[in-house]
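Okay, here's what each chain looks like letter by letter:
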Amino acid sequence: MRFMYSLIAFVLVNTSILGQKKLDKALNQLNTDSVPYIFVSELEQANDKTVFFDTRKKEEYEVSHLKDAVWVGYESFKEEAVIHKITDKSTPIIVYCSIGVRSEDIGEKLQKAGYTNVKNLYGGIFEWKNQGHSVYKNKTTVTDSVHTFNKQWSRYLNQGIKVYD
């Protein structure tokens, strides 16, 4: 019996480590680190003034998002809407998407617009969910579903229900 528990623990630890290495590799290939990362474990330090921007497609956001996140989109991102909503350019802003690629692009646009405290959520909503945090379908309803964009990207989500078209 002890062997079985040890085997299960070994598989779980190695799956987690391999998954993290895959994510690290993808982000190293696809991102330039132009927007500093913030890790899920650091978000406990986020305060009430921190604004979360979801940079995914609207249909992804509607499946689930971080609590109180504001959808700003990616292809439909409008810098002017952010400028009107957040006038203090030192406001802490955390951008996120599925794993952190699209959000880096939006973070760069925010930096160019003069925002000085922009961070990119490392691993995006996938890493958030993988570490056991809640995601919301609307303001109050917690869900286990996460839109994974497509089947290829879904390999980075290890927790929750994968939804894609």
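Note: the structure precedes this text.
Anyway, here's the lowdown on the structure attached to this text. (Residues numbered from 1 in each chain as written. Predicted model: local features only at pLDDT ≥ 70, side-chain atom pairs only at ≥ 80, totals over all residues. Heavy atoms only, no water.)

1. Some words on the overall build of the protein chain
Secondary structure summary: the protein chain contains five helices and nine strands in total. In the protein chain, the order of α-helices and β-strands from amino to carboxyl end is α-β-β-α-β-α-β-α-β-α-β-β-β-β. Out of the 165 residues in the protein chain, the part that is buried amounts to 41%. Considering only residue pairs separated by 6 or more positions, the protein chain has 67% of its internal contacts joining residues 24 or more positions apart. In the structure as shown, the protein chain presents an accessible area of about 9700 Å², 54% of it carried by carbon and sulfur atoms. (Helix = DSSP H or I, 4+ residues; strand = E, 2+ residues; numbered from the N terminus. Buried < 20%, exposed > 50% of the residue type's maximum accessible area, 1.4 Å probe, protein only. Contact = heavy atoms within 4.5 Å. Areas by Shrake-Rupley, 256 points an atom, 1.4 Å probe, with all protein chains shown as cover.)

2. Quick notes on the side chain of Asn 120
As for its placement among the helices and strands, Asn 120 is situated in strand β5 (residues 118-121). Judged by relative accessible area, which is 0%, Asn 120 ranks as buried. Beyond its immediate sequence surroundings of up to four residues, Asn 120 is in contact with Asn 31, Val 35, Pro 36, Tyr 37, Ile 38, Val 95, Gly 100, Ser 103 and Glu 104.

3. Points about the pairing of β5
Look at any regular strand and the pattern is simple: side chains alternate between the two faces of the sheet. As defined by bridge partners, strand β1 (residues 37-38) adjoins β5 across two bridges and the pair is classed as parallel. The residue bridging Tyr 37 from the neighbouring strand is Asn 120, located in β5. In this structure, strand β4 (residues 93-96) lies alongside β5, joined through three bridges in parallel fashion. Within the sheet, the bridge partner assigned to Ile 93 lies in β5 and is Val 118. Regarding topology, helix α4 (residues 102-112) serves as the crossover connection from β4 to the parallel β5, and that connection is right-handed. (Pairing = 2+ DSSP bridges. Right-handed = clockwise from strand over helix to strand, strands pointing away.)

4. Considerations on the nonpolar core
By size, the foremost hydrophobic cluster in this structure holds 22 residues, and its most contacted members are Leu 66 and Leu 121. Elements with a minimum of two residues in this core: α1 (2-30), β1, β4 and α5 (124-130). Contacts of Leu 121, omitting those with residues within four sequence positions, involve Ile 38, Phe 39, Val 40, Leu 43, Leu 66, Ile 94, Val 95, Tyr 96, Ile 99 and Gly 100. (Core = buried A, V, L, I, M, F, W, Y, C linked by side-chain atoms within 4.5 Å.)

5. Remarks on the pattern of salt bridges
Across all of its chains, the model carries three salt bridges by this definition. With a closest N to O distance of 2.9 Å, Arg 102 and Glu 60 form a salt bridge. One end of the pair, Arg 102, is in helix α4; the other, Glu 60, is in helix α2 (residues 58-63), with 42 residues separating them in the sequence. The same class applies to Arg 102 and to Glu 60, which are both buried. (Salt bridge = Lys/Arg side-chain N within 4 Å of Asp/Glu carboxyl O.)

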